[in-house]
Amino acid sequence: MIVMKFGGSSVADAERIRHVASIIQAYKDRQPLVVLSAMGDTTDFLLDAADEAVSGTVDISNVEALHINTAKDLNVNDSEIFCLLEELKTLLTGISMLKELTKRTRDYLVSFGERLSVRMMASYLASQGTPSRFYDAWDAGFLSDSNFMAAELDESVWTSIPLAFKDYTSGSQKEIPIVTGFIAKDVNGYITTLGRGGSDLTATMLGAALKVDEIQTWKDVDGILTTDPRIVKTAHPVEEATYEEAAELAYFGAQVLHPRSMMPCRRTGTPVRVKNSYNITSPGSIIVEKHTKEVSPVRAITAVKGVTLYDIVSTRMLGASGFLAHIFNQFLKWNVSIDVIATSEVSVSLTVNSKKDVDGLVEDLKKVADINVKKGKAIVTIICDVKRSSAILSSCFSALDKEGINVQMISQGASKVNISMLCEETEVHQVVRILHEAFIADALL
Ligand code: ADP
Ligand code: ASP
Ligand code: MG
């Protein structure tokens, strides 16, 4: 048995859906379970429609046209799709009247994207003589907490998922399950989402809970690439990565996988293959527990923009542990998570996502420290074997120094696979290009 997950770009229109259906049919003998994202940019469209509804305009013409035209083009029964589109319009009308949008309502609203796409694919596959059945995540055992827009799956999914698919795993159900990615329900029955890109997590959770042979995530690139191909055109696929490397890569900005998606498969050791639905013969990247062959010290380079640096210097005689305890407590109080950190006895530099800047936090920190807040920063991360960190850092600094770039903070992190550094946001693409050239294109080490 395998899980096959197709992202939005893989199911963007009728032609892509036909193509994906042919990939699913080609893997029929391996008893696939399919996970789908919303078609194309539907999630973005829905979020925009929500904002417009709050300001009084109800308009989902693009989502409606995409789904109705696709259903027509594929010549499938569109009654399910039509029903959902009506429900969506009613919801948006409600939002436009109330002029209010909670996180809970936003999750309910974006859930329509995935619910529409699984219905479309199941109808199309059935029309092509491949019996299939669509599942909304809650009918597939996906229970989450109530942290809307970034929900965590409940531990009980490890048993509820196998229960939901027992007929399929036993072989008595012949229809291929087509499951919505990205969404779940909480104990009160409210729809939640797992954070942007969450369909990857749906796929790995499903695969790990069902102990499948392989989880495949089909994208529009040839696998995990050595860096973001939109920054460096010559970025190339990494043949093999570990769960830890893939998790750090996602956490430090590579959009290719959801940051929490490695957690379930790491627990069971289920391999994850990242493949290209536009280039099916390419082997893609395989993600496993440990490297099975010799690899170069630097695997990939990632970047995150929109970072704020807090330089915090103690003004009280708290001692190092008291000082740090106080600082971390304030971040906890304001629910702001820290990404990269460097400390000394009396000072600490740390970075947070700029969207998480909170005035109250700075005020609280000022009670025991001098604070300098610097916006407009970026974090560049080298995913590498940190046992080789001295050599890597020395090559890194000499390459950046040659181009006159100054790195402002550096952190090796607790994991064994990343070195992160802070630079100006305006220089981030240049830094990525220089490091890619130094470590990957030319393989200096
Ligand atoms: P999907 O919707 O199929 O999940 P995403 O758009 O979320 O796909 O992720 C794939 C995209 O991630 C690629 O098109 C690519 O532009 C971007 N990307 C950024 N960094 C990387 C990387 N290191 N490797 C592969 N893709 C990357
Ligand atoms: N459709 C959702 C998003 O765009 C989930 C996903 O694609 O994984 O974020
Ligand atoms: Mg994605």
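About the thresholds
Residues numbered from 1 in each chain as written. Chains lettered and ligands numbered in written order. Predicted model: local features only at pLDDT ≥ 70, side-chain atom pairs only at ≥ 80, totals over all residues. Heavy atoms only, no water. Axes fitted to C-alpha atoms, helices over the stretch in contact; angles between N-to-C directions. Helix = DSSP H or I, 4+ residues; strand = E, 2+ residues; numbered from the N terminus. Parallel < 35°, antiparallel > 145°, perpendicular 65-115°, else oblique. Contact = heavy atoms within 4.5 Å. Nonpolar A, V, L, I, M, F, W, Y, C, P; charged D, E, K, R; others polar. Left-handed = near helix turned anticlockwise from the far one by under 90°. Near = heavy atom within 4 Å. Polar contact = N/O pair within 3.5 Å; in protein donor to acceptor, adjacent residues only side chain to side chain. Areas by Shrake-Rupley, 256 points an atom, 1.4 Å probe, with all protein chains shown as cover. Phe/Tyr/Trp six-rings, centres within 6.5 Å; stacked < 30°, edge-to-face > 60°. Expected span 1.5 Å × (residues − 1). Buried < 20%, exposed > 50% of the residue type's maximum accessible area, 1.4 Å probe, protein only. Arc of directions from axis to C-beta.

A. Here's a closer look at the packing of helix H3 (residues 61-74) against helix H5 (residues 103-127). In the contact formed by H3 and H5, the axes pass within 11 Å of each other and the chain directions differ by 5°. Here H3 is positioned roughly parallel relative to H5, judged by the angle of their axes. Residue-level inspection shows Val63, His67, Thr70, Ala71 and Leu74 of H3 in contact with H5, the latter providing Leu116, Met120 and Tyr124. For the contact of H3 with H5, a count of residues per class yields six nonpolar, two polar and no charged.

B. The arrangement of the side chain of Ser261 in detail. With respect to the secondary-structure elements, Ser261 resides in the loop between helix H9 (243-251) and helix H10 (262-268). The contacts of Ser261, once residues within four sequence positions are left out, are Asp200, Leu201 and Thr204.

C. Summary view of the packing of helix H4 (residues 79-98) against H5. Viewed as axis vectors pointing N to C, H4 and H5 meet at an angle of 165°, and their least axial separation amounts to 10 Å. The orientation of H4 relative to H5 falls into the category roughly antiparallel. For the element pair H4 and H5, the recorded crossing hand is left-handed. On the side of H4, the interface is formed by Glu80, Ile81, Leu84, Leu85, Glu87, Leu88, Leu91, Leu92 and Ile95, while H5 contributes Thr105, Tyr108, Leu109, Phe112, Arg115, Leu116, Arg119 and Met120.

D. Spotlight on the site of ligand 1. Taken together, 17 residues surround ligand 1, and among them Lys5, Lys219, Asp220, Leu225 and Gln255 come closest. One nitrogen or oxygen atom from the side chain of Lys5 is found 2.9 Å from an oxygen atom belonging to ligand 1. One nitrogen or oxygen atom from the side chain of Arg230 is found 3.3 Å from an oxygen atom belonging to ligand 1. In the complex, 88% of the free accessible area of ligand 1, which totals 570 Å², lies under the protein chains. Within the shell around ligand 1, the residues separate by chemical class into seven nonpolar, five polar and five charged.

E. Geometry of the site of ligand 2. Near ligand 2 you find Ser37, Ala38, Thr43, Glu114, Phe182, Arg196, Gly197, Gly198 and Ser199, and these make up its full shell. Contact between ligand 2 and Thr43: a nitrogen atom at 2.8 Å from a side-chain N or O atom of the residue. Between Glu114 and ligand 2, the recorded distance is 2.7 Å, taken from a side-chain N or O atom to a nitrogen atom. Its free accessible area being 260 Å², ligand 2 has 86% of it covered by the protein chains. Class assignment for the residues of the shell around ligand 2 results in two nonpolar, five polar and two charged.

F. Structural context of the packing of aromatic side chains. According to the stated counting rule, one finds six aromatic pairs in the structure shown. On the basis of an interplanar angle of 20° and a centroid distance of 5.7 Å, the ring pair of Phe6 and Trp218 is categorised as stacked. Separated by 212 residues along the polypeptide, Phe6 in strand S1 (residues 2-6) and Trp218 in strand S7 (residues 214-219) bring together distant segments of the chain. Here Tyr135 and Phe165 contribute two aromatic rings whose centre-to-centre distance is 4.9 Å and whose plane-to-plane angle is 45°, an arrangement assigned as tilted. You can see Tyr135 sitting in strand S3 (residues 132-135) and its partner Phe165 sitting in the loop between helix H6 (157-164) and helix H7 (166-170), a full 30 residues away along the chain.

G. Structural detail: helix H13 (residues 389-402). Counted at 1.5 Å a residue, the expected span for H13 with its 14 residues is 20 Å, and the 20 Å between its end C-alpha atoms agrees. Listed in full, the buried residues belonging to H13 are Ser389, Ile392, Leu393, Ser395, Cys396, Ala399 and Leu400. The buried residues of H13 occupy an angular sector of 165° when the element is viewed end-on, so they sit on one face. Exposed residues lying more than 90 degrees from the buried face of H13 are Ser390, Asp401 and Lys402. Close packing links the buried residues of H13 with strand S11 (298-314), strand S14 (369-384), strand S15 (409-411), strand S16 (418-424) and helix H14 (428-441). Positive phi shows up at Gly404, right after H13, with a value of about 70°.

On their own, these measurements won't tell you what the molecule is for.
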